[in-house]
Amino acid sequence: MLIFENIRLALSSIRANKMRSFLTMLGMIIGISSVIAIVSLGDTMRSVVANEYKNVGLGLAYMYINPPDDTYGDNTYFTTTDAEKLKEAMGDDLAYVGFNQSMRKDMTVGRRTKTLYVSGLAENPTAMKNLKIIYGRMLSDKDFQEKRHHIVLQKETAEGFFGDANAVGKTVKVKLNEDQEEFLVVGVYENQDSALMKALQGGSMEFAYIPESLMVTEDSYNWSLYFVASDANQLDALKSRVTAYMARMKNLQPEYIVMSSASEEMGMIDSMLGSLSAVVGAIAAISLVVGGIGIMNIMLVSVTERTREIGIRKALGARTRDILTQFLIEAAMISAAGGLIGTILGISVVAIGGMLFGITTVVKPQVIVIAVAFSAMVGLGFGLYPARKAAKADPVIALRYE
């Protein structure tokens, strides 16, 4: 029952000095909310990046040639013949092979002209770009094989040119080379990037897709070659086979064929974001120590103000540990209250940020538990000295204190 009496006394002391107690909690509130918000922001960013790479496809990889002594020649570039031979050699293990050509081009409808990105897609285009088609259809293998002037527009592009998202059957002109070429709109897609990714990409980037055979000719020399594995789990083995095959084809050593994949890039970014989140979170945790100093300071003041009360309690039979427990509980309650408010504030900040950017936020329970537990330890740690000072007070001297 004594523990409940100490809690009641602690609550009475906090209520008696509301403003002082709140200002004492403020350090803990800021510290806890900062740690939770920053670490959760890092986890959310990692989740967003992971989802973006999953949309791209973890089976995606690309290669380029880094020749010895930077000596470039015909065997250091990729051609359409190389792509065809590679696809034939790898068979069903390759879902897609292409050059991922993308260029800023002028698109015109009537008197209106807009600059956007025009990207080329090869056979089996959905393996490379799984677009959410809302009107019409995706580009087909025949579009690529027969070099048809077909195009898939982004919803915003269609609305900007025609005032209606359903632009299927209408025509646009694109300046591919020197001349304007007319394209038939066969599909319209909706951009599914989150608001955060759109902001990171510049906010207003619009893409249109055409058969890559219109952008890459047999005489074209390309720096890199992209491919998608039919089974993402077998990508590492496939990369080794592709490297060996291309090295033989180009008469180069395998180490000159440089490979990179979406999964490797995702791992690097995830590691970087995780480290950054941990470092910034640790820096924010310093404010918890500052909050603990605030608790110790105010508890010392409280002990001084209540010296006579301590003397009376000890004269009436209160033991040293009873006084120690009383002041420790008061310090712990201030710390716990600050931790609770800080937790709610931190989660709210993350949730509001998620709503503003249209992303799903990630708040891990273990982050909350660790942050609150750390704040409680800080509160108890810094409250121990004032509590010991109160507990060791001489009752005779304390009773004479004015």
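Up top is the structure these notes are about.
Residues numbered from 1 in each chain as written. Predicted model: local features only at pLDDT ≥ 70, side-chain atom pairs only at ≥ 80, totals over all residues. Heavy atoms only, no water.

S.K.: Even after reading the chapter, I still don't get the packing of helix H3 (residues 80-90) against helix H7 (residues 235-250), so can you show me in this structure?
M.R.: Packed helix pairs are characterised by how far apart their axes lie and by the angle those axes make with each other. Two elements in contact, H3 and H7, have axes whose closest approach is 11 Å; the angle formed by their N-to-C orientations is 130°. Considering their axes alone, H3 and H7 lie oblique with respect to each other. When you trace H3 past H7, the crossing you get is right-handed. Between H3, through Asp82, Lys85, Leu86, Ala89 and Met90, and H7, the contact on the second element is made entirely by Leu238, Arg241, Val242, Tyr245, Met246, Met249 and Lys250. Residue classes in the contact of H3 with H7 are distributed as 8 nonpolar, no polar and 4 charged. (Axes fitted to C-alpha atoms, helices over the stretch in contact; angles between N-to-C directions. Helix = DSSP H or I, 4+ residues; strand = E, 2+ residues; numbered from the N terminus. Parallel < 35°, antiparallel > 145°, perpendicular 65-115°, else oblique. Left-handed = near helix turned anticlockwise from the far one by under 90°. Contact = heavy atoms within 4.5 Å. Nonpolar A, V, L, I, M, F, W, Y, C, P; charged D, E, K, R; others polar.)

S.K.: Looking at this structure, how should I read a negative patch on the surface?
M.R.: Taken together, the side chains of Glu84, Glu88, Glu218 and Asp219 define an acidic patch exposed on the protein surface. Turning to its location among the elements, Asp219 is positioned in the loop between strand E9 (207-211) and strand E10 (224-229). Residue classification places Asp219 among the exposed residues on the basis of a relative accessible area of 67%. (Patch = residues over 30% accessible without salt bridge, like charges linked within 9 Å, V, L, I, M, F, W, Y side chains within 5 Å. Areas by Shrake-Rupley, 256 points an atom, 1.4 Å probe, with all protein chains shown as cover. Salt bridge = Lys/Arg side-chain N within 4 Å of Asp/Glu carboxyl O. Lys, Arg positive; Asp, Glu negative; His and termini not counted. Charge placed at Lys NZ, Arg CZ, Asp CG, Glu CD. Buried < 20%, exposed > 50% of the residue type's maximum accessible area, 1.4 Å probe, protein only.)

S.K.: Looking at this model, I keep getting lost on the sheet that holds strand E2 (residues 94-98). Mind explaining?
M.R.: The strands making up a sheet associate through hydrogen bonds between their backbones, and the pairing can be parallel or antiparallel. Spatial ordering of the open sheet is given by E2-E10-E1-E11, a layout of 4 strands whose pairing is antiparallel. Whereas interior strands pair on both sides, the edge strands pair on one side only; in this sheet they are E2 and strand E11 (257-261). Between one strand and the next, the sheet's axes are offset by a mean angle of 20°, whatever the strand orientation. Relative to E10, E2 runs antiparallel, the two sharing 4 bridges. Bridge pairing in E10 links Gly98 to Tyr226. (Pairing = 2+ DSSP bridges.)

S.K.: Looking at this structure, I do not really get the nonpolar core. What am I missing?
M.R.: Nonpolar side chains in soluble globular proteins tend to be buried together. Ranked by internal contacts, the top residues of the largest apolar core, which has 42 residues, are Met63, Leu86, Met107, Ile151, Val172, Leu225 and Phe227. Ranked by residues supplied to this core, first place goes to H7 with 6 residues. Apart from residues lying up to four places away in sequence, Val172 is in contact with Met107, Thr108, Val109, Ile151, Leu153, Phe162, Glu181, Glu182, Phe183 and Val185. Counting 28 residues, the second-largest nonpolar core is a separate cluster that includes Ile29, Val35, Ala284 and Ala387. (Core = buried A, V, L, I, M, F, W, Y, C linked by side-chain atoms within 4.5 Å.)

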